[in-house]
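# Per-entry structural report
Residues per chain, in single letters:
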Amino acid sequence: MALNRAEREEFLAEPHIAALAVESGENGRAPLTVPIWYQYEPGGEVWIMTGRDSLKARLIGAAGRFSLMVERVEPTVRYVSVEGAVVATEAATHEQLHEMASRYLPAEKVDAYVEKAAKEHGEQVVVRLSPERWLSSDLGSV
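Here we summarise the structure given alongside this text. Here the residue numbers are simple positions, counted from 1 along each chain's written sequence. Given that the model is predicted, a residue must reach a pLDDT of at least 70 before its local features are reported, and side-chain atom pairs must reach 80 or more before they are shown or counted; all residues, however, enter totals for whole chains, interfaces and linings. To obtain the side-chain values, all non-hydrogen atoms of the structure were used and water was disregarded.

## Let's talk about the side chain of H16
With respect to the secondary-structure elements, H16 resides in the loop between helix 1 (5-13) and strand 1 (18-22). Here the term buried applies to any residue with accessible area under 20% of the maximum for its type, exposed to any over 50%, and partly exposed to those in between, with areas from a 1.4 Å probe on protein chains only. On the accessibility criterion, H16 (11% relative accessible area) is buried. A 3.5 Å cut-off defines polar contacts: any pair of N or O atoms within that distance qualifies, except that in protein one atom must be a possible hydrogen donor and the other a possible acceptor, and neighbouring residues in sequence count only when both atoms are side-chain atoms. A distance of 3.4 Å separates a polar atom in the side chain of H16 from the backbone oxygen of F11. Other than its neighbours up to four places away in sequence, H16 contacts F11, Y38, V70, E71, R72, R103 and Y104. Helix numbers and strand numbers start at the N terminus; a helix is a DSSP run of H or I with at least 4 residues, a strand a run of E with at least 2. In this analysis, two residues are considered to be in contact whenever any of their non-hydrogen atoms come within 4.5 Å of each other.

Right, here's the structure in full:
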């Protein structure tokens, strides 16, 4: 059963690990699909953070759009997929790195992760997606 707008936006706002898919740009190749952390607030844009020179960043820049899919299996089988155009790519800030880490990690691990990521991950960018197409379902407790 499809989710209504409020249900799908609320579900996407939860801290799931997303599967990001973006066109590979190569004939005969499937889209690049990788797990990624993301941030979203209902009614807003979805944003991800990735290395400025990463394969993800290059492919997203070339395609101008990407999709994310999040799912869970308990207490019910539910998923939301969102696709849209890139509306902005900007240099990531320390505050955004901290916000993203805080979404996914226990509070006592955030500062250590942020410090390590800032040193080891290189220059990061934030890519913002404007949701255009949604797919969603809750299959209940099948």
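Resuming the write-up.
## Notes on the sheet that holds strand 1
Spatially, 2-1-5-6-7-4-3 is the arrangement adopted by the seven strands of the open sheet, whose pairing is antiparallel. Each edge of the open sheet carries a strand with a single partner, namely strand 2 (32-36) and strand 3 (38-39). Axis definition: a line fit to C-alpha positions, over the contact stretch in the case of helices; interaxial angles, taken between N-to-C directions, run 0 to 180 degrees. Sitting on the sheet, helix 1 is in contact with strand 3, strand 4 (46-51), strand 5 (65-72), strand 6 (77-91) and strand 7 (124-140), with an inclination near 70° to strand 6. Set on the sheet, helix 3 (residues 94-104) makes contact with strand 3, strand 4, strand 6 and strand 7; between it and strand 4 the angle comes to about 110°. A strand pair is defined by DSSP finding two or more bridges across the two strands.

## Thoughts on the environment of S24
On the secondary structure map, S24 appears in the loop between strand 1 and strand 2. Engagement of the side chain of S24 in a polar contact is seen with the backbone oxygen of A30, the distance being 3.3 Å.

## Things to note about the pattern of salt bridges
Salt bridges are identified by distance alone: a Lys or Arg side-chain nitrogen within 4 Å of an Asp or Glu carboxyl oxygen. Following the criterion strictly, the structure yields 11 salt bridges and no others. Residue E132 is joined to R65 by a salt bridge in which the shortest nitrogen-to-oxygen separation is 2.6 Å. Of this pair, E132 sits in strand 7 while R65 sits in strand 5, placing them 67 residues apart in sequence. Between R133 and E132 there is a salt bridge, with its nearest N and O atoms 3.8 Å apart. For E132, a relative accessible area of 42% puts it in the partly exposed group. In this structure, a network of salt bridges that share partners links the residues R65, E83, E132 and R133.

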